[in-house]
Amino acid sequence: DDFPWMPKQRYKIMKKYMKQVGSLGHHMMKRTCTNQVNIDYSSEEDMIEKIRLMFNLESIATAMFANSPFDQGKISKYKSLRSHFWHHTDSNRTGLLPFIFEKGFSFENYTDYALSVPMYFINRNHKYIDMTSYTFKEYLEENSNNTDGAILLKDWEDHLTTLFPQVRLKQYLEIRSMDACSWDLICSQPAFWIGILYDDETIDKVKDIAERWTNEDRE
């Protein structure tokens, strides 16, 4: 409780909402740190192949780079306390996404998922408005007949930044399930992912290994 919150307007909304949907969201916000790796894709087909491989391997990468064993000055029972916090933050917008392994997965399926997640906010005149009682789909439906420009494309773009699955789809694939590490090791995490995802032979080998994994296996 002694840790301050970053002075961002949207964090006031998130702070209040997180207590309603999970037990450790405040700990995640204040006591964790990651290195974020962004992976590009060249087509929808390329995205599908890469996002599936990333979801298959993200828990292995989290284990390999686990770097948060301490809890208030003592060794905890977790190698990655950060990962534990994330499992108890908000199940609507975090974790694995089993539907990405279903036949026919596409950009549209991910869009449907994003539409069904409760919102955090919209921004009007540099002020954040609490929208946590709406999913984005409900927000669209309620404003569908409003002709004064009530809905902005920026609302959707902002909403996508408030989804936190283990791999996040944007104009690129974003993964930040791994703990931050020391400065001299920061490049090791992108190297791990690039070595797998940008080499056709390695991709084929990893696909062979993970081909029959179930959602339970990934968990």
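Throughout what follows, the structure given in this document is the object of discussion. (Residues numbered from 1 in each chain as written. Predicted model: local features only at pLDDT ≥ 70, side-chain atom pairs only at ≥ 80, totals over all residues. Heavy atoms only, no water.)

The subject of this paragraph is helix α7 (residues 153–160). Every buried residue belonging to α7 is among Asp155, Trp156, Asp158, His159 and Leu160, and all of these are buried. Packing partners of the buried residues in α7 comprise α5 (107–115), β5 (121–124), α6 (136–142) and β8 (167–169). (Buried < 20%, exposed > 50% of the residue type's maximum accessible area, 1.4 Å probe, protein only. Helix = DSSP H or I, 4+ residues; strand = E, 2+ residues; numbered from the N terminus. Contact = heavy atoms within 4.5 Å.)

What follows is about the packing of aromatic side chains. This model, assessed by the stated rule, comprises twelve aromatic pairs. A centroid spacing of 6.3 Å and a plane angle of 70° characterise the contact between Trp5 and Tyr11, whose relative ring orientation is edge-to-face. The exposure class of Tyr11 is buried, given its relative accessible area of 16%. With centroids separated by 5.4 Å and ring planes inclined at 80°, the aromatic side chains of Phe136 and Tyr139 adopt a geometry described as edge-to-face. (Phe/Tyr/Trp six-rings, centres within 6.5 Å; stacked < 30°, edge-to-face > 60°.)

Both β5 and strand β6 (residues 127–130) contribute to a ladder of four bridges, which runs antiparallel. Bridging from a neighbouring strand, Arg124 pairs with Lys127 of β6. Between β5 and β6, which pair antiparallel in sequence order, lie two residues; one of them, Asn125, sits at a positive phi of approximately 55°. (Pairing = 2+ DSSP bridges.)

What is shown is where atoms sit, not what they do.
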